[in-house]
Amino acid sequence: MGAGVAGLRAAVELARHGDVLVVTKESLNESNTHYAQGGIAVAMEGDEDVSLHLEDTIKAGDGLVYRPAAEALVSEGPFRVAELIEWGAKFDREGNSPAGELLRTREGAHSLPRILHASGDATGAEISRSLVAFASLHKRIHFAEWTMVTKLVTKGGRVVGVDLAPARGDALAKPDAQTKHARIAARAVLIAAGGAGQVYSDTTNPAVATGDGIALAEMAGAHLADMEFYQFHPTAFFYPGAPRFLLSEALRGEGAYLINDKGERFMERYHPLLELAPRDVVARAIARESMCESGVARAVYLDMRHVKNIDVHARFPGISAFLVNYSLDLVRDPIPVRPAAHYLMGGIKTDLTGRTNLAGLYAAGEAACTGVHGANRLASNSLLEGLVFGARAAQSMLADDLPLETIEDARYAPEELSATEEGQVEAVIAELQQMMWANAGLLRNAAALRRGLDAQKSCAAALLELAASGKTSRRLSEGHALARVAHAILQSALARTESRGAHFRSDFPKRDDEHFKMHSVLGSDGKVASENW
């Protein structure tokens with residue numbers, strides 16, 4: 001489930017041993033992977049480089065990184081990236097020559113330049129392209145595009161298959177690409193369906209990132225972990241009527257400043273690493289700088305006007321092209337920015353090889369939680385995570401060698417919601433998103449989180465009422481998923497009465513290692529427990 005870097009890397013591994021079905025809600029190119037701009041962090045200069053990458057990852061995670069997971073990430077990463085290059089991924093090189101040295105940049109909280117990039121600021125698109133092309137060569141890999149997984153089928157406590165449905169609701173969906181409602185048996189199911197940024201009103205994530213896989217896993221009885229830790233990218237484009245387009249951290253890696261509405265740099269007041277501080281620090285600094293007693297937010301800008309050592313337009317062609325639409329230019333103009341929901345450090349709890357607490361169910365990538373990111377992901381570690389843990393999960397699926405179970409067929413074709421009912425779903429989702437931004441965003445407290453839980457329950461009830469008729473739709477399914485993810489975030493955030501990494505409580509502003517240097521786990525009983533890993 002999912003055709004991003006984790007899902008496709010797993011599929012390639014599995015196809016050597018059997019048939020693989022890759023299910024994706026839209027086209028193969030529509031994933032969080034595709035939209036990743038900055039690059040992929042990898043230590044390719046030997047043991048010392050690997051050791052430094054490990055320490056940077058642990059420091060960024062604010063005391064909560066599970067060290068064995070981080071060790072697996074940084075030590076296996078160079079091999080997985082070299083493998084990807086061998087399969088056709090084209091990263092930027094000196095002189096644009098295939099034989100040139102790989103170009104590297106630096107991003108926030110990295111001790112040195114180790115970020116590989118492609119086409120300047122289109123790294124995710126290149127990794128997605130190369131993996132799709134390579135996977136498509138395998139005759140045993142089959143693709144179901146414009147298809148949703150609507151249920152994990154269980155039998156005797158094991159996941160033995162999935163229910164599929166057409167992912168209608170998009171004008172680009174071709175009728176001949178649609179899947180019929182069907183139940184598919186599987187020896188193993190991997191959830192690699194990415195994150196859930198759409199749970200917030202302001203997000204850098206594409207519309208497909210609705211937490212479907214996380215919600216389905218929880219419904220089936222899988223445990224979730226660290227759901228309170230949602231990373232807000234500091235620099236999303238902030239302009240009236242414009243989408244929250246990601247302005248890559250690589251801009252700051254290449255020297256961009258952050259300035260307030262007076263033209264002053266301000267990061268020196270918040271962290272010694274200035275603009276290259278960890279993302280949670282930079283995001284909260286921008287939020288504080290934009291606060292105003294009058295209630296009207298002050299502007300904060302990303303400023304590259306002083307950067308003269310690189311060709312800014314050549315280095316960031318995608319961002320430059322986007323800004324032209326708003327008559328803005330990186331070389332000439334300060335660019336207005338605000339934080340936006342970007343990456344979920346939590347997810348489906350797995351071990352270091354992708355296994356969940358349910359036999360037959362595995363998870364990898366942003367949908368999973370191994371503890372590798374702790375409380376705050378180090379910039380550009382996510383694509384590497386997908387490669388490393390996608391391969392690891394596939395190896396577990398093969399090693400477990402579960403039999404293919406006979407499952408009862410489920411032939412059904414529920415009626416679609418009417419246009420009026422779809423409008424009601426959209427209104428509920430919008431209400432949920434606004435509520436999450438207001439009550440479980442960058443700055444949290446108990447009263448706000450409790451208000452959020454009350455509002456979440458109301459939204460979930462409204463969606464259930466719409467579903468009571470037996471009708472369905474893609475947006476209704478996505479709404480249910482978002483409501484479940486919202487509940488997990490709110491409940492976990494309320495339970496962690498401290499501030500750590502991306503989770504900041506104004507009523508508990510200090511880090512509390514004595515009581516909370518542990519991972520939160522939302523069990524099948526609906527309660528949040530703390531665990532030492």
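Note that the coordinates shown come from a computational prediction; the quantities given were computed from them, not determined experimentally.

About the thresholds
Residues numbered from 1 in each chain as written. Predicted model: local features only at pLDDT ≥ 70, side-chain atom pairs only at ≥ 80, totals over all residues. Heavy atoms only, no water. Helix = DSSP H or I, 4+ residues; strand = E, 2+ residues; numbered from the N terminus. Buried < 20%, exposed > 50% of the residue type's maximum accessible area, 1.4 Å probe, protein only. Contact = heavy atoms within 4.5 Å. Areas by Shrake-Rupley, 256 points an atom, 1.4 Å probe, with all protein chains shown as cover. Lys, Arg positive; Asp, Glu negative; His and termini not counted. Charge placed at Lys NZ, Arg CZ, Asp CG, Glu CD. Pairing = 2+ DSSP bridges. Axes fitted to C-alpha atoms, helices over the stretch in contact; angles between N-to-C directions. pLDDT = per-residue confidence, 0-100. 1 Å grid on protein atoms, 1.4 Å probe; cavity = no way out; pocket = protein on both sides within 12 Å on 5 of 7 lines; lining within 4 Å. Points joined across faces, edges and corners; volume = space filled by probe spheres on them. Nonpolar A, V, L, I, M, F, W, Y, C, P; charged D, E, K, R; others polar. Salt bridge = Lys/Arg side-chain N within 4 Å of Asp/Glu carboxyl O. Parallel < 35°, antiparallel > 145°, perpendicular 65-115°, else oblique. Left-handed = near helix turned anticlockwise from the far one by under 90°.

**So, the overall build of the chain**
Stage number 1. Secondary structure assignment for the chain yields 15 helices and 19 strands.
Stage number 2. Counting only C-alpha atoms, the chain reaches 65 × 55 × 50 Å along its principal axes.
Stage number 3. Per-residue burial over the chain gives 57% buried out of 533 residues.
Stage number 4. Sequence separation of at least 24 residues holds for 73% of the intrachain contacts in the chain that already meet a minimum separation of 6.
Stage number 5. Counting only carbon and sulfur atoms, one obtains 52% of the accessible surface of the chain, whose full area is about 21,000 Å².
Stage number 6. Taken as two groups, the 56 positive and 67 negative side-chain charges of the chain have centres that lie 1 Å from each other.

**Some remarks on the sheet that holds strand S8 (residues 182-185)**
Stage number 1. Taken together, the three strands give an open sheet; going across it, the order is S6-S7-S8, and neighbouring strands pair in antiparallel fashion. Every interior strand has two partners, whereas the edge strands, strand S6 (147-155) and S8, have only one. For this sheet, the mean angle separating the axes of adjacent strands, direction not counted, is 30°.
Stage number 2. Strand direction decides the pairing type here: strand S7 (residues 158-166) and S8, joined by four bridges, are antiparallel. Bridge pairing in S8 places Gly 161 opposite Ala 185.

**Points about the pairing of strand S13 (residues 300-303)**
Stage number 1. Note: strand S12 (residues 257-260) against S13, four bridges, orientation antiparallel. Residue Tyr 257 lies in a different strand from S13, and its bridge partner there is Asp 303.
Stage number 2. Relative to strand S14 (residues 335-344), S13 is paired through two bridges, and the arrangement is antiparallel. Residue Leu 302 lies in a different strand from S14, and its bridge partner there is Ile 335.

**Some details on the confidence of the model for the chain**
Stage number 1. Residues with a pLDDT of 70 or more make up 97% of the chain, whose mean pLDDT is 92.
Stage number 2. In this model, residues 169-173 is a region of pLDDT below 50 whose contacts with residues beyond four sequence positions or in other chains number five contacts.

**Considering empty space enclosed by the protein**
Stage number 1. Evaluation of the coordinates by the stated rule reveals one cavity of 30 Å³ or more.
Stage number 2. Within this model, the largest cavity holds a volume of roughly 30 Å³.
Stage number 3. Taken together, Ala 60, Gly 108, Ala 109, Pro 278, Arg 279, Asn 376, Arg 377, Leu 378 and Ala 379 make up the full set of residues lining the largest cavity.
Stage number 4. Here the residues of the lining of the largest cavity sort into five nonpolar, two polar and two charged.

**Description of the pattern of salt bridges**
Stage number 1. Enumeration according to the criterion identifies 46 salt bridges in this entry.
Stage number 2. Here Arg 305 ties to Asp 303 by a salt bridge, and the two come within 2.9 Å at their closest N and O atoms.
Stage number 3. You can call Asp 303 buried: its relative accessible area is 8%.
Stage number 4. With a shortest N-O distance of 2.9 Å, Asp 513 and Arg 511 are connected by a salt bridge.
Stage number 5. Residue classification places Arg 511 among the partly exposed residues on the basis of a relative accessible area of 38%.
Stage number 6. If you follow the salt bridges from partner to partner, you end up with Lys 25, Glu 26, Asp 212, Glu 426, Arg 474, Arg 475 and Glu 478 in one network.

**Examining the packing of helix H12 (residues 419-439) against helix H14 (residues 474-495)**
Stage number 1. The geometry of H12 relative to H14 is characterised by a closest axis approach of 10 Å and an angle of 20° between their N-to-C directions. Between H12 and H14, the interaxial angle falls into the category roughly parallel. The hand of the H12/H14 crossing is left-handed. In contact with Glu 422, Val 425, Glu 426, Ile 429, Leu 432, Met 435 and Met 436 of H12, H14 contributes Arg 475, Leu 476, Gly 479, Leu 482, Ala 483, Ala 486, Ile 489 and Leu 490.

**As for the sheet that holds strand S15 (residues 347-349)**
Stage number 1. Sheet architecture is open: five strands sit in the order S17-S15-S10-S18-S19, paired in mixed fashion. The sheet terminates laterally at strand S17 (368-369) and strand S19 (528-531), the two strands that pair on one side only.
Stage number 2. Bridging between strand S18 (residues 519-522) and S19 involves four bridges; their strand directions are antiparallel. When the sheet's bridge partners are listed, Val 521 is paired in S19 with Ala 529.

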